[in-house]
Amino acid sequence: QVQLVESGGGLVQPGGSLRLSCAASGTIFSINAMGWYRQAPGKRRELVAGITSGGGTNYADSVKGRCAISRDNAKNTVYLQMNSLKPEDTAVYYCHAQVATYDSYRFNDYWGQGTQVTVSS
């Protein structure tokens, strides 16, 4: 089994910064893509940023220039640095990873439990 545990959410004022972390644990053989999604009340879950196993990245247009995704493959951890936060960034942020385990060696999708980010004065 695989668990994704997020941390780093909270309340921040507009213009502030937060760094989210997500650590994967379990019987992990390999991790392919990792990423961060978010879901605001009444809205669909959307991709914020993704990163491949080789370090290639992609971002939603709404966060380009304000966010940076990175990963530490040795720690099975992905990070999201968010700067110049806006009230519209308020959402529950979910970590996602494509993980192959020693049980099946097939890549499956796993999700974290979500961490709340609130941007408000």
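Summarised in this report is the structure supplied together with it.

## Description of the pattern of salt bridges
Next, step 1: With the rule as written, the count across this model stands at four salt bridges.
Next, step 2: In this structure, D89 and R38 form a salt bridge, with 3.0 Å as the shortest nitrogen-oxygen distance. Placement of the pair is D89 in the loop between β8 (77-82) and β9 (91-101) and R38 in strand β4 (residues 28-39), with a sequence separation of 51 residues.
Next, step 3: Accessibility expressed as a relative area gives 2% for D89, which makes it buried.

## Some details on the environment of F29
Next, step 1: Within the secondary structure, F29 is located in strand β4.
Next, step 2: Residues F29 and W111 lie 82 residues apart in sequence; the distance between their C-alpha atoms is 17 Å.
Next, step 3: If we skip the residues at most four places from it in the chain, F29 touches A100, T101, Y102 and Y105.

## Let's talk about the pairing of β9
Next, step 1: Extensive coverage of β9 is indicated by the burial of nine of its eleven residues.
Next, step 2: Two strands pair when backbone bridges link them, and β9 and strand β11 (residues 115-119) are joined in this way by three bridges, in the antiparallel orientation. By the bridge assignment for β11, Y93 is matched with T115.
Next, step 3: In this structure, the hairpin formed by β9 and strand β10 (residues 107-111) is closed by a connection of five residues, where Y105 is found at a positive phi of approximately 60°.

Calculation notes
Residues numbered from 1 in each chain as written. Predicted model: local features only at pLDDT ≥ 70, side-chain atom pairs only at ≥ 80, totals over all residues. Heavy atoms only, no water. Salt bridge = Lys/Arg side-chain N within 4 Å of Asp/Glu carboxyl O. Helix = DSSP H or I, 4+ residues; strand = E, 2+ residues; numbered from the N terminus. Buried < 20%, exposed > 50% of the residue type's maximum accessible area, 1.4 Å probe, protein only. Contact = heavy atoms within 4.5 Å. Pairing = 2+ DSSP bridges.

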